[in-house]
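The residues making up each chain are set out below.
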Amino acid sequence: DQQVKQNSPSLSVQEGRISILNCDYTNSMFDYFLWYKKYPAEGPTFLISISSIKDKNEDGRFTVFLNKSAKHLSLHIVPSQPGDSAVYFCAASALGNTGKLIFGQGTTLQVKP
Amino acid sequence: NAGVTQTPKFRVLKTGQSMTLLCAQDMNHEYMYWYRQDPGMGLRLIHYSVGEGTTAKGEVPDGYNVSRLKKQNFLLGLESAAPSQTSVYFCASRQSTYEQYFGPGTRLTVT
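Residues numbered from 1 in each chain as written. Chains lettered and ligands numbered in written order. Predicted model: local features only at pLDDT ≥ 70, side-chain atom pairs only at ≥ 80, totals over all residues. Heavy atoms only, no water.

**Student:** Is there a simple way to explain the overall build of chain B in this structure?
**Tutor:** When its secondary structure is counted, chain B shows zero helices and 11 strands. Starting at the N terminus, the α and β elements of chain B follow one another as β-β-β-β-β-β-β-β-β-β-β. Within chain B, the fraction of its 111 residues that count as buried is 50%. In chain B, 54% of the contacts between residues at least 6 apart in sequence involve partners at least 24 apart. Carbon and sulfur atoms provide 52% of the accessible area of chain B, an area that totals close to 5,200 Å². Separation of charge centres in chain B, based on 11 positive and 8 negative side chains, amounts to 7 Å. (Helix = DSSP H or I, 4+ residues; strand = E, 2+ residues; numbered from the N terminus. Buried < 20%, exposed > 50% of the residue type's maximum accessible area, 1.4 Å probe, protein only. Contact = heavy atoms within 4.5 Å. Areas by Shrake-Rupley, 256 points an atom, 1.4 Å probe, with all protein chains shown as cover. Lys, Arg positive; Asp, Glu negative; His and termini not counted. Charge placed at Lys NZ, Arg CZ, Asp CG, Glu CD.)

This is how it looks when you write it as structure tokens:
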């Protein structure tokens, strides 16, 4: 069973516009959510995170929204830049000291100049 | 400060051969993780360690073994490689926060 789902394999947006990447989860025990960005032939790099006690976290052009009742989170990138073209993974973690992350399948974002 | 490094970067194995992937981190992190990434499936946890001398199974541990003899190193072993283990392998580490820091990956092909 896929506890974290990214239902859109790909997304294409024009430079300067908003990119919205979505993620759904099924496990109500998840208490922390993260977004990672991955370029080809590189490891994932941490982008932004949000605790389950918040509904929004902002860092520059990146904002993550969490809707606990819908078990849904989204990553907004405004404005989108060609350098943002990458694969984006959402991940979730449950309470406990192991810090295991459950990843979604990833969404490939293409930002066109 | 190299962060997380992985050796080797690429490897081709024949079915039945064995190999060890090495992960090293210089951030003095307690926790280390091994993931595999396959197309359309995201990253899946193979094994992890919560400290030197400890290991535990993740989501997809079958066919793999691990060891954490030193705090800075986490080894992933394949005793008898199978084509189903063709994948990209990532190592990660973390300290007290949830954020994990990833290595550049090892691309393994089993023929």
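So, next bit.
**Student:** Would you mind going over unusual backbone geometry with me for this structure?
**Tutor:** Residues apart from glycine generally show negative phi values, whereas peptide bonds are mostly found in trans. Residue Pro79(A) is reached from Val78(A) by a cis peptide bond, and omega for that bond is -10 degrees. Position of Pro79(A) relative to the elements: it lies in the loop between β8 (72-77) and β9 (86-94). The linkage connecting Thr7(B) with the following residue, Pro8(B), adopts the cis geometry, with an omega of -5 degrees. Despite not being glycine, Lys71(A) has its phi angle at roughly 55 degrees, a positive value. By the secondary structure assignment, Lys71(A) is in the loop between β7 (62-67) and β8.

**Student:** Mind showing me how you'd approach the sheet that holds strand β8 (residues 73-78) of chain B here?
**Tutor:** Sheet strands associate in pairs through backbone hydrogen bonding, adopting either a parallel or an antiparallel arrangement. Residues and elements named next belong to chain B. Read from one edge of the open sheet, four strands run β1-β3-β8-β7, paired in antiparallel fashion. Across the chains shown, the open sheet's two edge strands, defined by having one partner strand only, are β1 (4-7) and β7 (65-67). Looking at each pair of strands side by side, their axes are set apart by 20 degrees on average, direction ignored. Two strands pair when backbone bridges link them, and strand β3 (residues 19-25) and β8 are joined in this way by six bridges, in the antiparallel orientation. Bridge pairing links cysteine 23 to phenylalanine 74 in β8. (Pairing = 2+ DSSP bridges. Axes fitted to C-alpha atoms, helices over the stretch in contact; angles between N-to-C directions.)

**Student:** Just checking my understanding: could you explain the nonpolar core for this structure?
**Tutor:** Note that soluble globular proteins tend to have their nonpolar side chains buried in a common cluster. Counting 23 residues, the largest nonpolar core has Phe33(A), Trp35(A), Leu73(A), Leu75(A) and Tyr88(A) as the members making the most contacts within it. Elements supplying a minimum of two residues to this core: β3 (19-25), β4 (30-38), β5 (45-51), β7, β8, β9 and β11 (107-112) of chain A. Beyond its immediate stretch of four places on either side in the chain, Leu75(A) contacts Ser19(A), Ile20(A), Leu21(A), Trp35(A), Leu47(A), Ile48(A), Phe62(A), Thr63(A) and Tyr88(A). With 19 residues, the next largest nonpolar core counts Val4(B), Leu21(B), Leu76(B) and Ala81(B) among its residues. (Core = buried A, V, L, I, M, F, W, Y, C linked by side-chain atoms within 4.5 Å.)

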